[in-house]
Amino acid sequence: MYLNKIISGVQYSGQKAYAEIKRKYEIPRLPEYFLHLLQTADSLEIPTEKLPRMGILYVSHLGPMGQIVHFMNDLMDYTPDQVSPKYFSHGVFNAPTAYLSRYLGCHGPALSLCGFSRIIESSIRTAASWLATGSCENILLIFSDEDIPFSQEISSMTGLQRFLPTHALWLSSEPDDPNAKQITADDLIQQITVINQQEQ
Amino acid sequence: MNNEKIYISGCSVNCAAGKGWEEVRKALFAGERGNHRHHQQLNIPFFTLQDYDERGDVHEACEKLCREAVADALKNSFPATGKIPETERFGCIIGTTGDVQFADRSFYEAMRQGTQPPGSIRHFVQDTVAERLIREYDPAGMALTISNTCVSGADAVVTAAHWIKEDLCDIVAVVGVDLVTLMTLAGFYTLSAASTDLCRPFDKNRDGMTVGEGIGCVILQSESSLKRNRQTPFFRLRGWGSANDAYHMTAPHPEGIGLELAIRRALETAELPFSSLAFINAHGTGTPANDACEATTFARLSDHAPFLYFSTKGLTGHTLGASGVIELIFTMICLQEQKIPAGIGCTEPDPAFPVPPVLQETMISAGTAMSTSLAFGGCNTALIVEQAGETCI
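My aim in this report is to walk through the structure given alongside it, one point at a time. (Residues numbered from 1 in each chain as written. Chains lettered and ligands numbered in written order. Predicted model: local features only at pLDDT ≥ 70, side-chain atom pairs only at ≥ 80, totals over all residues. Heavy atoms only, no water.)

## Let's talk about the interface of chain A and chain B
Accessible area lost when the parts come together is the quantity often used to give the size of an interface. Contact residues are listed per partner, giving 59 residues for chain A and 67 residues for chain B. For the pair chain A and chain B, the two sides together bury roughly 5,300 Å², of which 67% comes from carbon and sulfur. By the criterion of area lost to chain B, the three top residues of chain A are A:Phe88, A:His107 and A:Arg118, representing 13% of everything that side buries. On inspection of chain A and its partner chain B, the count reaches one salt bridge. A:Asp77 is the salt-bridge partner of B:Arg112, the closest N and O atoms lying 2.4 Å from each other. (Contact = heavy atoms within 4.5 Å. Buried area = accessible area lost by both parts, 1.4 Å probe. Salt bridge = Lys/Arg side-chain N within 4 Å of Asp/Glu carboxyl O.)

## Let's talk about the nonpolar core
Ranked by internal contacts, the top residues of the largest apolar core, which has 78 residues, are A:Leu171, B:Val218 and B:Leu220. Sequence-distant contacts of B:Val218, that is, excluding residues within four places in its chain, are made with B:Ile8, B:Gly10, B:Cys11, B:Val157, B:Val172, B:Ala173, B:Val174, B:Val325, B:Leu328 and B:Ile329. Membership of the second largest hydrophobic core comes to 75 residues, among which are A:Val83, A:Tyr99, B:Cys150 and B:Ala194. (Core = buried A, V, L, I, M, F, W, Y, C linked by side-chain atoms within 4.5 Å. Buried < 20%, exposed > 50% of the residue type's maximum accessible area, 1.4 Å probe, protein only.)

## Observations concerning the pattern of salt bridges
Taken as a whole and assessed by the stated rule, the structure comprises 31 salt bridges over all chains. The salt bridge partner of A:Lys50 is A:Asp176, with a shortest N-O separation of 3.3 Å. Highlighted residues: A:Lys50 in the loop between helix 2 (32-43) and strand 2 (55-60) and A:Asp176 in the loop between strand 5 (166-172) and strand 6 (181-182), separated in sequence by 126 residues. In this structure A:Lys50 comes out as partly exposed when scored by relative accessible area, which is 23%. A:Asp176 gets classed as partly exposed once you look at its relative accessible area, which sits at 25%. The partner of B:Arg206 in a salt bridge is B:Asp291, and the shortest N-O contact between them spans 3.5 Å. Of this pair, B:Arg206 sits in the loop between helix 7 (182-190) and strand 8 (214-222) while B:Asp291 sits in helix 10 (residues 288-302); the two residues are 85 residues apart in sequence, bridging distant segments of the chain. Residue class for B:Asp291 comes out buried when judged on its relative accessible area of 0%. Counted as one network, the salt bridges with shared partners bring together B:Glu88, B:Arg89, B:Asp167, B:Asp170 and B:Arg228. (Helix = DSSP H or I, 4+ residues; strand = E, 2+ residues; numbered from the N terminus.)

## Quick word on the packing of aromatic side chains
This structure, assessed with the given rule, holds 20 aromatic pairs over all chains. Relative to B:Phe234, the ring of B:Trp21 has its centre 5.2 Å away and its plane inclined at 50 degrees; by these criteria the two rings are tilted. Of the two residues, B:Trp21 sits in helix 1 (residues 21-28) while B:Phe234 sits in the loop between helix 8 (223-228) and strand 9 (235-244), which places them 213 residues apart along the sequence. Accessibility expressed as a relative area gives 27% for B:Phe234, which makes it partly exposed. Three or more aromatic residues link up through ring pairs in this structure, and these residues are B:Phe202, B:Phe274, B:Phe298, B:Phe307, B:Tyr309 and B:Phe353. Over the aromatic face of A:Tyr87 sits the side chain of A:Lys86, whose NZ or CZ is 4.8 Å from the ring centroid. (Phe/Tyr/Trp six-rings, centres within 6.5 Å; stacked < 30°, edge-to-face > 60°. Lys NZ or Arg CZ within 6 Å of the ring centre and 35° of its normal.)

Right, dumping it as structure tokens:
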């Protein structure tokens, strides 16, 4: 397995940066969290020819929590037949992955993974198994939780350490970037675990 | 990557059609709808498990079902002990749509009122069900929860296969589970995806899906693990493939490009041609878009050779994240019975389909079949399973 590029601890960029992403990908509107993920992926500058067969792994504790909260508010404030369809479709756990696939043009496998104590190890080993079994030759692996007041409130309520900061990695079965370095799953798990601890 | 063949050594199932292989087998060929009721306010039907009215907190109920399902499936695999031998490395993957979304309404209400919310959130964020189960079965093992909406269960099977091929595990318990909640009913209703009648997959008058619930568990095991433990293989997972449409958040690609890719990848891993399949247990939700996508894609791949396909969602409803595993088990039942059921709910197939689905119980003579799953976000997964027909002793 090769690690071509990694971006760690990506913060929300704000409306100006998102305006550029929306222009680049011709997006009329998307929730800010999804734009954050797309911009993060875009920052890896993965060559266009790699994208159609690329696999995507989105890893999160709570997924698109902002949309889920909006949907729950709808359910509490209105009758069930009045809830917003977009909060439902954008609140499913794989909605971020879906939009990454769509706007990057990736037809490879796309998985959305949820977990807490084992998620870093399990997701990296799953990515490595995709490459080893030939399911795809390139992978976009994104770790992220939506940084919103609700998530912060849950964090303080439960004592759970801050949720997953956003990291994005471009992995491949062959070195696809001049700076690519060969890496084992064990070493990558260690690296991401350390980065997470530093960011939290 | 190793050359291990992957077998299914045990399974368990619980859905609107019944609980357990035998009960579900009878229901599959009885030609009647499974357990269902009607949501008065939304005016849509939905399929349920038998214990729907006794259920409390949905996350607790889901965890209880997962524990029972894994234990029951392991009893199939290891009838003498019901336990995983110490020599074997174990993994647990759960595919689900709803159990990853913290949708406890009482929690949100308490937060809004500024009162102390119930402890459900602490339990939810401590670990997923899969992570709790692996601590009990094999603390050194691997655990994962996949949430890819309606292909979650099928993708859990694929991921388990990869883990075994990559020599990460010898045995993996794969669970697909979802329970009906107001969130899912209201959500599909507001998307205009839910029919006001029980679904009619592939019918010319179909107008939507019917939400269902259930749980299925299959135990995937490597060939060498079966031999070490002198087990008889049940079925073989012969092939698998996943691909994305990269097209739309809720609608499938009208030409089924992702589905075709997934099916082709499954046939490649199985090293089989499309024509070798005895039948396809289609996703067949009853929505105009899904059923048209599948019918036309199957026909295109068949290259004018005859093929059989049907949907079981008229019996159980759409069990969302559970459907991939439950319908894999249905596929196995049909292979064992050497017959396939008429698709319940389809009385007059859509004349736009190049090939109509099976309308009556039909005998088959081949030992390999495919189950397809499609989902929000353009996800597509195909699984190929065959009768094992051999022993390992």
